[in-house]
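Inside the fold
In case you want the letters, here they are:
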Amino acid sequence: MDLLAARALGAGLAIGLGAIGPGIGIGLLMLGALQAMGRNPDASGTITTNMILGVAFTEAIAIYALVIALILIFVGI
Amino acid sequence: MRKAITVLAVLGLLVFMCGPLTSFLFVGLGVSPYGAFPVVALPAEPLPIPWFGGEQMSNTFLTTLIVDVLLLLLFGITMRYARRGALLPPKGRLANITEALSEVFYNFANSIGGKRGKSIFPLAATIFFLVLTANWFKLLPGAESIGVIEPPHLASVKAYAPRLIEWGPLSFYTLDGTQPRETTIAEVHGEAGAEAEHAESEGLCEACVITPFVRGPATDLNFTLGLALVTMVMVQVWGVRAQGARYFYKFINIPALRQGGMGYMMFLVGLLEIISELSRIISFAFRLLGNIFAGTVLIFVMSFLVPFILPAGFYGIEIAVGLIQAAVFALLALVFISMATHGHGDESHGSPATEH
């Protein structure tokens, strides 16, 4: 396989597979936060803060996949 | 209220009509409506502006400087109105918005940081406003599209022939999008010098790309990594300031070793904390970079997929993403700092650990 083609394929696979887990995770986080807000609307302020924190940590996993994809595309091997 | 809605509607209509208008304008000027595909490059592109040590200033750095000046002006005006006590509209409408945003953020910092919120607020608010202005500045028309015409630096980039446009007294160059030419690796690395000389003698290159003057600072890793390093260093500084040298027991937990048993586990967890602290720098830097860079590429691609109307919607998304990412960066900085100022293991978790 051509090196450029292999790199493009690898980058696509890296971010595509790497986004599955965080996607599910952020969905679950959002589900929990929205349910909690629905039950206790008064606590929505603190729930939102903690939810954003959790989303940021979950998102970090997808960001590692993105880093690999960017390295594959833009950094010469 | 009705006036504001009318203004917004007219602005919206103008934004929607931008694509058709510019393409008709270009057809009228004898230029093909095919646009030249912009260069998608992760490293910042150098501009022909001399900088320290014979280096060339990069376009992201130039944009950062512009954004800094804008922020200083904005807050200078706000401070002037605030000192006079004239913050009510219509005198200080812009200043009013700045003050309102600052106040929202100040209350937020107080609710997270507790009694230390007041001292954490300046750093977090600076990050918030800098990132917000930088993200929105790159969405202005002309950003990432007006620049210097030059031969490409990268391989496998579509290069185009330049074309002179005379429009009354104005004359400028654009790229003819009809005949793209892919550059090869040998061309960029081998013949780059020869081609540059050739271009200098002719005054212009044959196959060119546009290096924009203004490019979003957050699409450059230097900007985001700099902010991330500053934030994480300040987290340590605040931790030491709040707890003294005891703060470092979070990483190298010597008191836990004396307890034996579960204490060894606590010591290992402390070592893991070092890794997590380092990974926070990476995720801080790449979260902002990834989101903003992906937004840039998204707008490029969408503009070439459907040139009319659709890109306007994606600009709306980008405005929201710019705000959210700025808020998330500042919010995480606030949370990390207030987490570092609270004693972690010693007082609250110390006694249950001994019971186990």
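Procedures and definitions
Residues numbered from 1 in each chain as written. Chains lettered and ligands numbered in written order. Predicted model: local features only at pLDDT ≥ 70, side-chain atom pairs only at ≥ 80, totals over all residues. Helix = DSSP H or I, 4+ residues; strand = E, 2+ residues; numbered from the N terminus. Rg over C-alpha atoms; globule rule 2.2 N^0.38 Å. Contact = placed C-beta atoms within 7 Å. Buried ≥ 20, exposed ≤ 12 C-beta atoms within 10 Å, placed from the backbone. Axes fitted to C-alpha atoms, helices over the stretch in contact; angles between N-to-C directions. Parallel < 35°, antiparallel > 145°, perpendicular 65-115°, else oblique. Left-handed = near helix turned anticlockwise from the far one by under 90°. Nonpolar A, V, L, I, M, F, W, Y, C, P; charged D, E, K, R; others polar. Core = buried A, V, L, I, M, F, W, Y, C linked by C-beta atoms within 7 Å. pLDDT = per-residue confidence, 0-100. Pairing = 2+ DSSP bridges. Expected span 1.5 Å × (residues − 1).

1. A few points about the overall build of chain A
The helix and strand tally for chain A stands at 3 helices and 0 strands. Counted from the first residue to the last, chain A has its helices and strands arranged as α-α-α. By the compact-globule yardstick of 11 Å for 77 residues, chain A is too spread out, its C-alpha radius of gyration being 17 Å. Dimensions of chain A along its principal axes, counting C-alpha atoms only, are 60 × 15 × 10 Å. Expressed as a percentage of contacts within chain A between residues at least 6 apart in sequence, the contacts between residues at least 24 apart total 83%.

2. Re the overall build of chain B
Assigned secondary structure in chain B consists of 11 helices and 6 strands. Of all 356 residues assigned to chain B, the portion counted as buried reaches 26%. The long-range share in chain B, meaning contacts at least 24 apart out of those at least 6 apart in sequence, stands at 69%.

3. Overview of the packing of helix 7 (residues 221-243) of chain B against helix 10 (residues 310-341) of chain B
Residue and element names in this part refer to chain B. Direction vectors running N to C along helix 7 and helix 10 enclose 30°, while the axes themselves pass 8 Å from each other. If you check the angle between helix 7 and helix 10, you find them roughly parallel. Crossing angle aside, the handedness with which helix 7 passes helix 10 is right-handed. Mapping the contact onto sequence places Thr231, Met234, Val235, Trp238, Gly239 and Ala242 in helix 7 and Ala333, Phe336, Ile337, Ala340 and Thr341 in helix 10. Looking at side-chain class alone, the contact of helix 7 with helix 10 contains 8 nonpolar, 3 polar and no charged residues.

4. Considerations on the nonpolar core
Counting 50 residues, the largest nonpolar core has Ala124(B), Ile127(B), Val131(B), Phe329(B), Ala330(B), Ala333(B) and Leu334(B) as the members making the most contacts within it. Those elements that place two or more of their residues in this core are helix 1 (3-18) and helix 3 (44-74) of chain A together with helix 3 (93-113), helix 4 (117-137), helix 7, helix 9 (262-305) and helix 10 of chain B. When residues of this core are assigned to their parent elements, the largest contribution, 12 residues, is made by helix 10 of chain B. In contact with Ala330(B), not counting residues within four places along its chain, are Ala124(B), Ala125(B), Ile127(B) and Phe128(B). The next biggest cluster of nonpolar side chains, apart from the first, holds 8 residues, and it includes Ala36(B), Ala159(B), Ala207(B) and Cys208(B).

5. Considerations on the confidence of the model for chain B
Residue and element names in this part refer to chain B. Within chain B, residue pLDDT values average 79, and 81% of them lie at 70 or more. When pLDDT is averaged over each helix and strand of chain B, the minimum, 38, is found for helix 11 (residues 350-355) and the maximum, 93, for helix 7. Counted against residues more than four places away or in other chains, residues 190-201, with its pLDDT under 50, gives 5 contacts. Below pLDDT 50 for its whole length, residues 345-356 participates in 8 contacts with residues either more than four positions away or in separate chains.

6. Comments concerning the pairing of strand 6 (residues 209-212) of chain B
All names here are of chain B. Burial along strand 6 is two-sided: Val209 and Thr211 facing one way and Ile210 and Pro212 facing the other are all buried. By the bridge criterion, 4 bridges tie strand 3 (residues 147-150) to strand 6 in an arrangement that is antiparallel. From the neighbouring strand, Glu150 faces strand 6, where its bridge partner is Val209.

7. A look at helix 2 (residues 59-84) of chain B
Residues and elements named next belong to chain B. With 26 residues, helix 2 should cover 38 Å at 1.5 Å per step; its first-to-last C-alpha distance of 38 Å lies within 8% of that length. Buried within helix 2 we find Asn59, Thr60, Phe61, Thr63, Thr64 and Val67. Each element contacted by the buried residues of helix 2 is listed here: strand 1 (46-50), strand 2 (56-58), helix 4, strand 6 and helix 7.

8. Looking at the confidence of the model for chain A
Looking at chain A as a whole, the pLDDT averages 88, with 97% of positions reaching at least 70. Of all secondary-structure elements in chain A, the lowest mean pLDDT belongs to helix 3 of chain A, at 84, while helix 2 (residues 20-39) of chain A reaches the highest, 95.

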